[in-house]
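What follows is the residue order along each chain.
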Amino acid sequence: MIRINENYTKLKASYLFSDIAKRVTAFQQANPSKPVIRLGIGDVTEPLPPVCIEALHAATDEMANRATFKGYGPEQGYAFLREAIAQHDYAARGCAIEADEIFVSDGAKCDCGNIQEIFATDIRLAIPDPVYPVYVDTNVMAGRTSANVNGRYEGITYLESTPANGYVPAVPSVATDLIYLCFPNNPTGAVATKAQLTAWVEYAKKNKAIILFDSAYEAYIRDPAIPHSIYEIPGARDVAIEFRSFSKTAGFTGTRCAYTVVPKTLMAADAAGNPTPVYALWNRRHTTKFNGVAYPIQKAAAAIFTAAGQKQVKDMTDFYLGNAALIRAAITKLGFSCIGGDNAPYIWINTGRDSWEFFDLLLSKANVVCTPGAGFGKCGEGHVRISAFNSRENVVTALDRIAAALK
Ligand code: MLT
């Protein structure tokens, strides 16, 4: 009989956010009169910026007309979007990234998950803990780890983010090959300074390693000293791939558009030890497995780079950061220490209690959904994450209910 990929049996039965969704649905079915407020999964609630809506309408009209209709587009994305990204997200910050080093896709989640397949199966991994589960799970699926023992997989060097290091892990003392970093961080909301990122770039150079830098939340950075891109660090072009998304920047979680930057100068060794451009491999993978993001969606994404678009996106992220400030103040007032929320839409709360128990407490007593820290890794135990993505009214109500429940 045909056999399964046994590596899947090493994974937890379900993905973290599916698990939470199941628990919330069960609670709602048992308590239909109690309206639940969701501050769990980081899903946006505010409508798309008006410039995006206008661009979507105009592009839809183009699709209705034989002369302007579009079939398959370039797999890597239309030049108008790649050029706008190169100009606004990189050249404007002094980063030398060419438009053709940018691969437009339908999500940073897919790209972060898929990228590992262009590397050897026996490479050494460095992955933060707590962490966005996609980085770990996709490497488990690919067979790079042993079974899970006490919440840890052999084959991974865990980069622990704890109160002791301000939730920003230092470079490890051992050599690794593929390093996952995410700043502003999901789930902790911590940010990395230029000096901290420089240490990572130097570590990667020394070990001939590659950094996978997830900066899906960069639009939330307000501190001018914090880098938005790993390419702001000298030499990063030779050691890093960067993932970005329009999801949290412009409300595209349901619209789907993101991009990955693979510099042409980035090399990895082949079996004979010869440096080989990673760009060529990712291009080969992307063109084989992906047929491009829909034209109207790419037009909507490009619209955020206009002057009006930039203002609307800033207003939207300011709005969520306003929620985050309220959450942080209310939680601090309740006596908990927390980080995040100032340059990120997540607040990471040190509850000092079992995180699933705290999740159940907030759900049953306050009817508020958070994300239990243990779902992000062993070091997430004792913490919960609260997301700032919701309406102001819901955030204020949720905070009142949490305060009453914890009294
Ligand atoms: C989260 O809540 O961690 C994110 O929304 C998940 C994602 O972006 O896939």
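Remember, it's a predicted structure, so these values are computed and weren't measured experimentally.

**So, the site of the ligand**
Step number 1: In the vicinity of the ligand, the contacting residues are Phe-17, Ile-41, Gly-42, Lys-109, Tyr-132, Asn-186, Tyr-217, Lys-248, Tyr-346 and Arg-385.
Step number 2: At a separation of 2.9 Å, an oxygen atom of the ligand approaches a polar side-chain atom of Lys-248.
Step number 3: The protein chains hide 84% of the 260 Å² of surface that the ligand would expose on its own.
Step number 4: The class makeup of the residues in the shell around the ligand is 5 nonpolar, 2 polar and 3 charged.
Step number 5: Per-domain counts for the shell around the ligand show at least three residues from each of domain 1 (7–46 + 308–405) and domain 2 (53–306).

**Thoughts on the sheet that holds strand 10 (residues 258–261)**
Within a sheet, neighbouring strands are paired by backbone hydrogen bonds and run either parallel or antiparallel to one another.
Step number 1: One open sheet holds the 7 strands; their spatial order is 2-10-9-8-7-3-6, and the pairing between them is mixed. Here the strands that pair on one side only, and so sit at the sheet edges, are strand 2 (102–105) and strand 6 (156–160). Each neighbouring strand pair of the sheet contributes to a mean axis angle of 20°, computed without reference to strand direction.
Step number 2: Relative to strand 9 (residues 240–245), strand 8 (residues 210–214) runs parallel, the two being bridged by 4 bridges. Residue pairing across strands places Asp-214 opposite Phe-243, the latter belonging to strand 9.

**Concerning the sheet that holds strand 16 (residues 371–372)**
Step number 1: One open sheet holds the 4 strands; their spatial order is 13-14-17-16, and the pairing between them is antiparallel. For this open sheet the edge positions go to strand 13 (337–340) and strand 16, each flanked by a neighbour on one side alone.
Step number 2: Relative to strand 17 (residues 383–387), strand 16 runs antiparallel, the two sharing 2 bridges. Bridging from a neighbouring strand, Thr-371 pairs with Arg-385 of strand 17.
Step number 3: Across the face of the sheet, helix 10 (residues 307–333) comes into contact with strand 13, strand 14 (346–350) and strand 17 while running at roughly 165° to strand 13.

**Things to note about the domain arrangement of the protein chain**
Step number 1: Domain boundaries in the protein chain define domain 1 (7–46 + 308–405) and domain 2 (53–306).
Step number 2: Between the C-alpha centres of domain 1 and domain 2 there is a distance of 25 Å.
Step number 3: Between domain 1 and domain 2, the residue contacts involve 38 residues of the former and 49 residues of the latter.
Step number 4: The shortest N-O distance in the salt bridge between Arg-222 and Asp-318 comes to 2.9 Å.
Step number 5: At the boundary of domain 1 and domain 2, one finds 20 residue pairs in polar contact (both at pLDDT 80 or more).
Step number 6: When contributions to the side of domain 1 that touches domain 2 are tallied by element, the ones reaching two or more residues are helix 10, strand 13, strand 14 and strand 17.

**A closer look at the side chain of Arg-82**
Step number 1: As for its placement among the helices and strands, Arg-82 is situated in helix 3 (residues 79–90).
Step number 2: In terms of polar contacts, Arg-82 uses its side chain to reach the backbone carbonyl oxygen of Ile-102, at 2.6 Å.
Step number 3: What Arg-82 contacts, discounting residues up to four positions off in sequence, is Gln-76, Gly-77, Ala-99, Asp-100, Glu-101, Ile-102 and Val-104.

Rules used throughout
- Sequence order as written defines residue numbering, which begins from 1 separately in each chain.
- Selection of residues for local features in this predicted model requires a pLDDT of at least 70, selection of side-chain atom pairs for listing and counting requires 80 or more, and totals for whole chains, interfaces and linings are taken over all residues.
- Just so you know, side-chain values use all the structure's heavy atoms and leave hydrogens and water out.
- Near is defined per residue: the residue qualifies when any heavy atom it owns lies within 4 Å of the molecule or strand.
- Nitrogen and oxygen atoms within 3.5 Å of one another constitute a polar contact, given that in protein one can donate a hydrogen and the other can accept it, and given that sequence-neighbouring residues count only through two side-chain atoms.
- The Shrake-Rupley method, run with a 1.4 Å probe sphere, supplies the accessible areas, and residue values consider only the shown protein chains as cover.
- Three classes are used, and their members are as follows: Ala, Val, Leu, Ile, Met, Phe, Trp, Tyr, Cys and Pro are nonpolar, Asp, Glu, Lys and Arg are charged, and the others, Gly among them, are polar.
- Source of the domain bounds: an automatic or database domain assignment.
- Whether two strands pair comes down to DSSP finding at least two bridges between them.
- Numbering goes from the N terminus for both helices and strands, where a helix is a DSSP run of H or I of at least four residues and a strand is a run of E of at least two.
- All axes here are fitted lines through C-alpha atoms, helices being fitted over the stretch that makes contact, and every angle between N-to-C directions spans 0 to 180 degrees.
- Whether two residues touch is decided by their heavy atoms; if any such pair falls within 4.5 Å, the residues are in contact.
- Here a salt bridge means any side-chain nitrogen of Lys or Arg lying within 4 Å of a carboxyl oxygen belonging to Asp or Glu.

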